[in-house]
Amino acid sequence: MAGIPLPHLGFSLVRSSCRAALSAAAAAMVAIPLVAAPAQARGPDGIADVAEKVINAVVNISTSQSVDNRNSAAPPSLPPGSPFEEFFDECFKNRRGQQGDNNQNRPNTPRRVNSLGSGFIIDPSGIVVTNNHVIADADEVTVILNDGTRLKAEILGRDTKVDLALLRVKPEKPLTSVAFGDSDRLRLGEWVVAIGNPFSLGGTVTAGIVSARNRDINSGPYDNYIQTDAAINRGNSGGPLFNLDGEVVGINTAIISPSGGSIGIGFSVPSKTAIAVIDQLRQFGETRRGWLGVRIQQVTDDIADSLNIKPARGALVAGIDEKGPAKPAGIEAGDVIIKFDGKEIKESRDLPRLVASMPVGKSVDVVVVRNGAEFTKTVTLGRLEDSEKKTALATEEDDALQTNAIAKALGMEFSALSEDARKTFKIKESVKGVIVTSVEPGSAAAERGLRPGDVIEEVNHQAVEHPSDVAKAIGSAKSDSKKPALFLVSNGEGVVRFVAIPVN
């Protein structure tokens, strides 16, 4: 299950028999002696000191916006007499922006919607950090200090990729602020403290340990979250995660939960990642990330075998941007990047984070493996444009295509890339090669994602133009039974990827 941004969680209640619960509790009290838990089981004594030191630097973020009343959400259904009934009634009344029953009879009237999140002050002059999704689409943003003071906030900048935003308020006197610590020094099992505004209750302190580091929850290209079991709930978004020195080591951003409440799996943006983004937002009002100009994919065991890379590691270059920095530096499709600026690339997802962390215009050494040999290329990084979007790697299948295949191999049928085929599969003129017209279900090609409409540009680094070229290249590959054939496959938009397919 992917991580859920905290403000978008739902609510659910578990109903149980009060009589059964009381009976079980009474039995437990009889069977188990009441022995005080040791102090260490409750956490270190330093938690209270940390909370007292930093609590005034943690703020609530209140946002409001006008929305169409037709999209009004209904409150959750609660058991009659539930102790939460009044809380939820008030919560949803605030969300609808209702004043008594004034809007009930006017469903099309625009309404004000309020939401609450968390944040923290990093500069006494009034610089506040929070999550981007906390203030996204807001018309007004208000920072509420721990003493109840409300200050109107200005948005200095935001970053959707790491989900961070920077705000500025203008206080009458310097504010209490906190400093960042080094998240790279966190150890598994180390105690951390989360402070935020869960369920709009106000400043709340919870504690737990670092459960894991460098978590990828598929929320963005630079995922490397800290996982913690400190209780994090709706409204904690944008709040700080402290170490026991009172330093911010993370920014609470998402949780995994089937119910919307904390189950002990929360995620925080590491301070090491956040600092670079915050510095850029503060200086430029936007991010300025390094850009290499390559499309990459994971080096699987099959691909590693075909490229003589042992063990499997690095990032496989599946395509080169014609106007990107990698092309003039001599990096080619099929290269495997194993080191960037002196740092090892163990997995393909390591590379985007490293590149993005580098300043625009910096010259870096990139070590690649090509045909079993290592080469070092020097690249001057460009700037990543936020407007660039990834193109889907596959085109839609068209079952109505009727083409006479000229060649067949590995469970696929191929034909020449005719004008009719280009129109049917919407293949750009710039794409060259041999089109796949059918794929046998259950074949090795099907298991590796090949489908009708894909275009094979190369087999084992040899360009192919005719179906017979593909069949010939596969025949040559069979002479080395230990290695799969390496296909360079393009979709209709020209986005390419490497696919390794066993030939025997």
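This is a predicted model, so every value here is computed, not measured. (Residues numbered from 1 in each chain as written. Predicted model: local features only at pLDDT ≥ 70, side-chain atom pairs only at ≥ 80, totals over all residues. Heavy atoms only, no water.)

A.B. asks: Go over the overall build of the protein chain, please, and point to the residues and values.
C.D. replies: Scanning the protein chain for helices and strands turns up 11 helices and 29 strands. Counting the 504 residues in the protein chain, one finds 46% classified as buried. Within the protein chain, contacts between residues separated by at least 24 positions form 64% of all contacts whose residues are at least 6 apart in sequence. Total accessible area on the protein chain stands at roughly 25900 Å², and carbon and sulfur atoms take up 49% of it. (Helix = DSSP H or I, 4+ residues; strand = E, 2+ residues; numbered from the N terminus. Buried < 20%, exposed > 50% of the residue type's maximum accessible area, 1.4 Å probe, protein only. Contact = heavy atoms within 4.5 Å. Areas by Shrake-Rupley, 256 points an atom, 1.4 Å probe, with all protein chains shown as cover.)

A.B. asks: Give a detailed account of the confidence of the model for the protein chain, specifying residues and quantitative values.
C.D. replies: Regions with low pLDDT carry predicted coordinates that are not meant to be interpreted in detail. When pLDDT is averaged across the protein chain, the result is 79; 76% of the residues are at 70 or more. This stretch, residues 90–105, has a pLDDT under 50; its non-local contacts, to residues over four places away or in other chains, come to 23 contacts. Contacts of residues 386–406 to residues separated by more than four positions or lying in other chains number 35 contacts, the stretch itself having pLDDT below 50. (pLDDT = per-residue confidence, 0-100.)

A.B. asks: Would you mind going over the pattern of salt bridges in detail, with residue names and values included?
C.D. replies: A complete count under the given rule lists 21 salt bridges for this structure. Between glutamate 154 and arginine 168 there is a salt bridge, and its shortest N-O distance comes to 3.4 Å. In this pair, glutamate 154 sits in strand S7 (residues 154–159) while arginine 168 sits in strand S8 (residues 164–168), placing the two residues 14 residues apart along the sequence. With relative accessibility at 38%, the residue glutamate 154 sits in the partly exposed group. (Salt bridge = Lys/Arg side-chain N within 4 Å of Asp/Glu carboxyl O.)

A.B. asks: Please set out empty space enclosed by the protein residue by residue, giving values where relevant.
C.D. replies: Empty space among the atoms can be located by rolling a probe the size of a water molecule over them. Overall, the coordinates contain 1 cavity of 30 Å³ or more when judged by the stated rule. Size it by volume and the largest cavity reaches roughly 50 Å³. Taken together, Lys161, Val162, Tyr222, Asp223, Asn224, Tyr225, Val269, Pro270 and Thr273 make up the lining of the largest cavity. Here the residues of the lining of the largest cavity are counted per class, giving 5 nonpolar, 2 polar and 2 charged. (1 Å grid on protein atoms, 1.4 Å probe; cavity = no way out; pocket = protein on both sides within 12 Å on 5 of 7 lines; lining within 4 Å. Points joined across faces, edges and corners; volume = space filled by probe spheres on them. Nonpolar A, V, L, I, M, F, W, Y, C, P; charged D, E, K, R; others polar.)

A.B. asks: Break down the environment of glycine 492 for me, citing the residues and quoting the values.
C.D. replies: Its location among the elements puts glycine 492 in the loop between strand S28 (485–490) and strand S29 (496–501). When the C-alpha atoms of glycine 492 and arginine 422 are compared, they prove to be 8.1 Å apart, with 70 residues separating the residues in sequence.

A.B. asks: Describe the nonpolar core, with residues and values.
C.D. replies: Core analysis: the largest hydrophobic core is formed by 34 residues, its most contacted members being Leu166 and Phe242. If you list the elements that add at least two residues to this core, you get helix H2 (46–54), strand S3 (111–123), strand S4 (127–130), S8, strand S9 (191–196), strand S13 (248–255), strand S14 (266–270) and helix H5 (271–284). For this core, the element with the highest residue contribution is H5, accounting for 4 residues. In contact with phenylalanine 242, not counting residues within four places along its chain, are Val50, Val54, Val58, Val178, Trp191, Val192, Val193, Ile195, Glu247, Val248 and Val249. (Core = buried A, V, L, I, M, F, W, Y, C linked by side-chain atoms within 4.5 Å.)

A.B. asks: Give a detailed account of the packing of aromatic side chains, specifying residues and quantitative values.
C.D. replies: Evaluation of the coordinates by the stated rule reveals 2 aromatic pairs. Considering the side-chain rings of phenylalanine 120 and phenylalanine 180, the 5.9 Å spacing of their centres and the 75° angle between planes classify their relative orientation as edge-to-face. Taken together, the positions of phenylalanine 120 in strand S3 and phenylalanine 180 in the loop between S8 and S9 put the pair 60 residues apart, joining distant regions of the chain. Exposure remark for phenylalanine 180: the relative accessible area of 22% places this residue in the partly exposed category. For arginine 288, the ring lying beneath its charged end belongs to phenylalanine 284, and the centroid distance is 3.8 Å. Positioned above the aromatic ring of phenylalanine 375 is the side chain of arginine 370, whose terminal nitrogen or guanidinium carbon lies 5.6 Å from the ring centre. (Phe/Tyr/Trp six-rings, centres within 6.5 Å; stacked < 30°, edge-to-face > 60°. Lys NZ or Arg CZ within 6 Å of the ring centre and 35° of its normal.)

A.B. asks: I'd love a proper account of H2, names of residues and values included.
C.D. replies: Those residues of H2 not exposed but buried are Ile47, Val50, Ala51 and Val54. The arc that holds the buried residues of H2, viewed along the axis, is 95°, so those residues lie on one side. In H2, those exposed residues whose orientation departs by more than 90 degrees from the buried face are Ala48, Asp49, Glu52 and Lys53. (Arc of directions from axis to C-beta.)

A.B. asks: How would you sum up H5? Please name residues and give values.
C.D. replies: Between the first and last C-alpha of H5 there are 19 Å, a value that for 14 residues agrees with the 20 Å anticipated at 1.5 Å per step. Among the residues of H5, those classed as buried are Ser271, Thr273, Ala274, Val277, Ile278, Gln280 and Leu281. With its phi angle positive at about 80°, glycine 285 sits one or two positions after the end of H5. (Expected span 1.5 Å × (residues − 1).)

A.B. asks: Account for the side chain of arginine 353, with residues named and values stated.
C.D. replies: Tracing the backbone through its elements, the reader meets arginine 353 in helix H8 (residues 350–357). Reaching out from arginine 353, the side chain makes a polar contact with the side chain of asparagine 214 at a distance of 3.2 Å. (Polar contact = N/O pair within 3.5 Å; in protein donor to acceptor, adjacent residues only side chain to side chain.)

A.B. asks: Account for unusual backbone geometry, naming residues and giving values.
C.D. replies: Residue proline 311 is bonded to the preceding lysine 310 through a cis peptide linkage, with omega at -5°. Within the element layout of this structure, proline 311 appears in the loop between helix H6 (301–306) and strand S17 (315–320). The phi torsion at asparagine 214 lies on the positive side, around 60°, for a residue other than glycine. For asparagine 214, the position within the fold is in strand S10 (residues 204–215). Overall, asparagine 214 belongs to the partly exposed group, its relative accessible area being 35%. One non-glycine residue with positive phi stands out, namely aspartate 341, at about 55°. Along the chain, aspartate 341 turns up in the loop between strand S18 (336–340) and strand S19 (343–344). Accessibility expressed as a relative area gives 22% for aspartate 341, which makes it partly exposed.

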